[in-house]
Amino acid sequence: QVQLVESGGGLVQAGGSPRLSCAASGSIFSINAMGWYRQAPGKQRELVAAITSGGSTNYADSVKGRFTISRDNAKNTVYLQMNSLKPEDTAVYYCNAEVRRKWYPGQYDYWGQGTQVTVSS
């Protein structure tokens, strides 16, 4: 099995700069893309940022210039540095990883349990 464990959420003041982390563990052969999604109350889950194993990144327009995604391939960990937070960034943030497992063919999507980020004005 594969597990993704997120950390770093919480209550933050507007303008704050928390960093989220997500560590993948288990029977992992390799990880392709990793990403962060978020879901605010009453809204659909949306992509925030993604990063390939080679380091190519993609961001939602709403976070460009404020958020930075990075990863440590040796640790199977992805990070999301969030700067200049706004109240509209309040959401549950989910980590995602495209994993190739040991002994199993194919690629599988795995999700973390989610971490709440609440931005107070």
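Counting restarts for each chain, with residues numbered from 1 along the sequence as it is written. Restriction of local features to residues with pLDDT of at least 70 applies here, the model being predicted, together with a cutoff of 80 or more for giving and counting side-chain atom pairs; totals for whole chains, interfaces and linings are based on all residues. Derived side-chain values reflect all non-hydrogen atoms in the structure, with water molecules and hydrogen atoms excluded from consideration.

(A) Local environment of the packing of aromatic side chains. Two aromatic rings from Phe, Tyr or Trp, using only the six-membered ring of Trp, form a pair when their centres are within 6.5 Å; if the ring planes differ by under 30 degrees the pair is stacked, by over 60 it is edge-to-face, and anything between is tilted. Scanning the entire structure with this criterion turns up one aromatic pair. Ring plane angle 65° and centroid distance 5.0 Å describe the contact between Tyr 37 and Trp 111, whose orientation is recorded as edge-to-face. Residue Tyr 37 is found in strand S4 (residues 28-39), and its partner Trp 111 is found in strand S10 (residues 108-111); the two are separated by 74 residues along the sequence. Look at Trp 111 and you get partly exposed, because its relative accessible area is 37%. Placement of a charge over a ring requires the Lys NZ or Arg CZ to be within 6 Å of the ring centre, with the centre-to-atom vector within 35 degrees of the ring normal. A cation over a ring is seen here: Arg 45 above Tyr 94, with NZ or CZ 3.7 Å from the ring centre. Seen from the ring of Trp 111, Arg 45 lies directly overhead, with NZ or CZ sitting 4.8 Å from the centre. Only DSSP runs of H or I with at least four residues qualify as helices, and only runs of E with at least two residues qualify as strands; both kinds are numbered from the N terminus onward. The classification of residues rests on relative accessible area computed with a 1.4 Å probe and restricted to protein chains. Under 20% of the type maximum is buried, over 50% is exposed, and intermediate values are partly exposed.

(B) The arrangement of the nonpolar core in detail. Residues Trp 36, Leu 80 and Tyr 93 are the most contacted members of the largest nonpolar core, which totals 31 residues. No other element matches the five residues that strand S9 (residues 91-101) contributes to this core. Throughout, a residue-residue contact means that at least one pair of heavy atoms, one from each residue, lies within 4.5 Å. Here Leu 80 is in contact with Pro 18, Arg 19, Leu 20, Trp 36, Val 48, Ala 49, Phe 67, Thr 68, Ile 69 and Tyr 93, once residues within four sequence places are set aside. To define a nonpolar core, start from buried Ala, Val, Leu, Ile, Met, Phe, Trp, Tyr and Cys residues and group those joined through side-chain atoms within 4.5 Å.

(C) Structural detail: the state of the cysteines. When the sulfur atoms of two cysteines come within 2.5 Å, that pair is taken as a disulfide. Evaluated as defined, the whole model comprises one disulfide. At a sulfur-sulfur separation of 2.1 Å, the disulfide partner of Cys 22 is Cys 95. Across the S-S bond of Cys 22 and Cys 95 the torsion is about -80°, and the bridge reads as left-handed. Here Cys 22, found in strand S3 (residues 19-26), pairs with Cys 95, found in strand S9; they are 73 residues apart in sequence, far enough to count as distant. Exposure remark for Cys 22: the relative accessible area of 0% places this residue in the buried category.

(D) How the structure looks around the pattern of salt bridges. The rule for a salt bridge is simple: a side-chain nitrogen of Lys or Arg has to be within 4 Å of a carboxyl oxygen of Asp or Glu. Enumeration according to the criterion identifies four salt bridges in this entry. Among the ionic pairs, Arg 38 bridges to Asp 89, the shortest N-O distance being 3.0 Å. One end of the pair, Arg 38, is in strand S4; the other, Asp 89, is in the loop between strand S8 (77-82) and S9, and 51 residues separate them in sequence. You'll find Arg 38 and Asp 89 in the same group, each marked buried. One salt bridge in this structure joins Asp 61 and Lys 64, with 3.2 Å as the shortest N-O distance. By sharing partners, the salt bridges in this structure join Arg 38, Glu 46, Arg 66 and Asp 89 into a single network.

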